[in-house]
Amino acid sequence: MSDLESMKEYYDRRAPEYDDWYLGTGLYVSRQRPGWEEELWEVERVVADLSPMRTVDVACGTGFLTRFLRGKIVGLDQSARMIEIAAWRVPGGRFVVGDGLALPFKDGSFGRLFTSHFYGHLNPGERDRFLAEARRVADEIIVVDSALRDGVEPEETQERLLSDGTHHEVYKRYFTAEGLAEELGAGKVLFSGTWFVAVGARLAAPDPKTQ
Ligand SMILES: C[S@@+](CC[C@H](N)C(=O)[O-])C[C@H]1O[C@@H](n2cnc3c(N)ncnc32)[C@H](O)[C@@H]1O
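Once a new chain begins, its residue numbering starts again from 1 and follows that chain's sequence as written. Only residues with pLDDT of 70 or above have their local features reported here, since the model is predicted, and side-chain atom pairs are shown and tallied only from 80 upward, although totals for entire chains, interfaces and linings are computed over all residues. The basis for every side-chain value is the complete set of heavy atoms in the structure, and neither hydrogens nor water enter the calculation.

**Student:** So what's going on with the nonpolar core? Residues and values would help.
**Tutor:** Among buried residues, those of type Ala, Val, Leu, Ile, Met, Phe, Trp, Tyr and Cys that are joined through side-chain atoms within 4.5 Å constitute a nonpolar core. For every residue, the accessible area (1.4 Å probe, protein chains only) is compared with the maximum for its type, and the residue is labelled buried under 20%, exposed over 50%, or partly exposed between those bounds. The biggest cluster of nonpolar side chains holds 60 residues, and the ones touching the most others in it are Val58, Phe105, Leu113, Tyr119, Phe130 and Ile141. Counting residues in each nonpolar core, the second largest holds five residues, with Cys60, Ile83, Val90 and Phe95 among its members.

Next comes the structure, spelled out in structure tokens:
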């Protein structure tokens, strides 16, 4: 199974307990995460303050952050179990099961592509595919992801445990907000904390003269 396939399987299994990570419940109940809750509120405010726009949330998971987006909202995730929870949580949105690296949308369908805690799971080739798809369907991108901090490496393979006792290997990156902004191409830092970063960037089509 490829890294991407095993990541998909892991998150599909994790769907019913995914929000425990945000809420500090279940397997996360004894995690020491000083300032987590306050930062999460700040990230939620950053998302809620984005101007209303036709937006696709790629790899929306349970819709935990999707619910703060304003405008016409489409959520996409490869996991039917995630999508079921997201659709329940965000009744005004449209939710589809699909592949974030081969988006089932026409060119220019959205003003904005939002993605949280997905970009950091992609290897270099997958990142290129994802960003090419983002450029094809939207004018701007917002990425929320995990902040680089003490105790983690910028890039690591992690062993993850689920409540059913299964173990999974997951590729994961941690970002400085400035580093992520540069990687996305002259991005703007929207939030930089101990736990989370958020960056926005224009998605200019590649210049045909330089191709
Ligand atoms: C860490 S979760 C993030 C969920 C949500 N965006 C959030 O921030 O809470 C990663 C999500 O990526 C989804 N995913 C993994 N590979 C995908 C792919 N190729 N296409 C679409 N979604 C994918 C998983 O199903 C999972 O819901």
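**Student:** Could you give me a rundown of helix H5 (residues 124–137), with the residues and numbers involved?
**Tutor:** If you check H5, its first and last C-alpha atoms are 20 Å apart, about what 14 residues at 1.5 Å a residue would give, namely 20 Å. For H5, the set of buried residues is Glu126, Arg127, Phe130, Leu131, Glu133, Ala134 and Val137. One face of H5 carries all of its buried residues, which in axial projection span an arc of 160°. Any two residues whose heavy atoms approach within 4.5 Å at even a single point are treated as in contact. In DSSP terms, a helix is any run of H or I states spanning at least four residues, a strand is any run of E spanning at least two, and both are numbered starting from the N terminus. Check the buried side of H5 and you find it contacts helix H1 (3–14), strand S1 (55–58), strand S4 (110–116), strand S5 (138–146), strand S7 (167–173) and helix H6 (177–184). Contacts described as polar in this section are N or O atom pairs within 3.5 Å, which, within protein, must combine one atom able to donate a hydrogen with one able to accept it, while residues neighboring in sequence count only if both atoms come from side chains. The N-cap of H5, judged by a side-chain oxygen 3.1 Å from the amide nitrogen of Gly125 a few residues on, is Asn123. A helix's residues, less one, multiplied by 1.5 Å, set its expected span. Directions are taken from the helix axis to each C-beta atom, and the arc is the one they span.

**Student:** Give a description of empty space enclosed by the protein that names residues and reports values.
**Tutor:** Picture a little ball the size of a water molecule; that probe, rolled over the atoms, points out where space is still empty. Definitions used for this entry: grid spacing 1 Å over protein atoms alone; cavity, a set of points where a 1.4 Å probe fits but cannot get out; pocket, an open set with protein on both sides within 12 Å along at least 5 of 7 lines; lining residue, one with an atom within 4 Å of a point. Grid points are joined across faces, edges and corners, and a volume is the space filled by probe spheres set on the points. If you walk through the whole model with that rule in mind, you get one cavity of 30 Å³ or more. In this structure, the largest cavity encloses a volume near 340 Å³. Elements represented by at least two residues in the lining of the largest cavity include exactly H1, S1 and strand S2 (73–77). Tallying contributions element by element places H1 first for the lining of the largest cavity, with four residues. Each residue receives one of three labels: charged for Asp, Glu, Lys and Arg, nonpolar for Ala, Val, Leu, Ile, Met, Phe, Trp, Tyr, Cys and Pro, and polar for the others, Gly being one of them. Of the residues assigned to the lining of the largest cavity, the class counts are 13 nonpolar, ten polar and four charged.

**Student:** Could you give me a rundown of the site of the ligand, with the residues and numbers involved?
**Tutor:** Around the ligand, a shell composed of 19 residues is seen, among which Tyr22, Ala59, Asp77, Gly100 and Ser116 lie nearest. One of the side-chain N or O atoms of Gln78 is found 2.8 Å from an oxygen atom in the ligand. At 2.7 Å from a nitrogen atom of the ligand is found a main-chain nitrogen or oxygen belonging to Gly100. Using a 1.4 Å probe, the Shrake-Rupley method yields the accessible areas, and only the shown protein chains count as cover for residues. Expressed as a share of its isolated accessible area of 600 Å², the protein-covered part of the ligand is 99%. Mapping the ligand onto the cavity grids shows that it belongs to the largest cavity. With three residues, H1 is the single largest residue contributor to the shell around the ligand. Grouping the constituent residues of the shell around the ligand by class yields eight nonpolar, eight polar and three charged. Consider each residue's heavy atoms; a residue with any of them within 4 Å of a molecule or strand counts as near. To be counted as sitting in a cavity or pocket, a molecule needs more than half of its atoms within 2 Å of that site's grid points.

**Student:** Mind laying out the pattern of salt bridges, listing which residues take part and the relevant values?
**Tutor:** Just to be clear on terms, a salt bridge is a Lys or Arg side-chain nitrogen sitting within 4 Å of an Asp or Glu carboxyl oxygen. Enumeration over the complete set of coordinates arrives at eleven salt bridges. Residues participating in the shared-partner salt-bridge network are Glu9, Arg13 and Asp164.

**Student:** Can you tell me about the side chain of Thr55, naming the residues and giving the values?
**Tutor:** Inspection of the secondary structure puts Thr55 in strand S1. With near-sequence residues (within four places) excluded, Thr55 lies in contact with Leu69, Arg70, Lys72, Ile73, Val74, Phe110, Arg112 and Phe114.

**Student:** Describe the sheet that holds strand S3 (residues 94–97), listing the residues and the values that go with them.
**Tutor:** Whether two strands pair comes down to DSSP finding at least two bridges between them. The strand order S3-S2-S1-S4-S5-S9-S8 describes an open sheet built from seven strands, whose pairing is mixed. Edge positions in the sheet fall to S3 and strand S8 (188–192), since each has one partner strand and no second. Each strand axis lies, on average, 15° off the axis of its neighbour in the sheet, ignoring direction. Here S1 runs beside S2; their pairing, made up of four bridges, is parallel. Residue Val58 lies in a different strand from S2, and its bridge partner there is Leu76. Each axis is a line fitted through C-alpha atoms, taken for helices only over the stretch in contact, and angles between the N-to-C directions span 0 to 180 degrees.

**Student:** Report on the layout of surface pockets, specifying residues and quantitative values.
**Tutor:** In this structure, the largest pocket spans a volume of roughly 370 Å³. Around the largest pocket, the lining is made up of 21 residues, and of these Trp21, Arg31, Arg149, Arg160 and Tyr174 lie nearest the centre. For the lining of the largest pocket, the element with the most residues is strand S6 (residues 155–161), which contributes three residues. Taken together, the residues of the lining of the largest pocket sort by class into nine nonpolar, five polar and seven charged.

**Student:** Explain the packing of aromatic side chains residue by residue, including any values.
**Tutor:** For any two aromatic rings, the description comes down to two numbers: the centre-to-centre distance and the angle of the planes. Aromatic contacts are taken between Phe, Tyr and Trp rings whose centres are within 6.5 Å, Trp giving its six-membered ring; a plane angle under 30 degrees counts as stacked, one over 60 as edge-to-face, and the others as tilted. Under the definition given, this model contains 14 aromatic pairs. Consider the rings of Tyr11 and Tyr18, whose centres lie 6.2 Å apart with planes at 70°: the pair is edge-to-face. Take Tyr18: its relative accessible area is 11%, and that puts it in the buried class. Look at Phe105 and Phe110: their rings are 5.0 Å apart centre to centre, the planes differ by 85°, and that puts the pair in the edge-to-face class. Take Phe105 and Phe110: they sit in the same class, and that class is buried.

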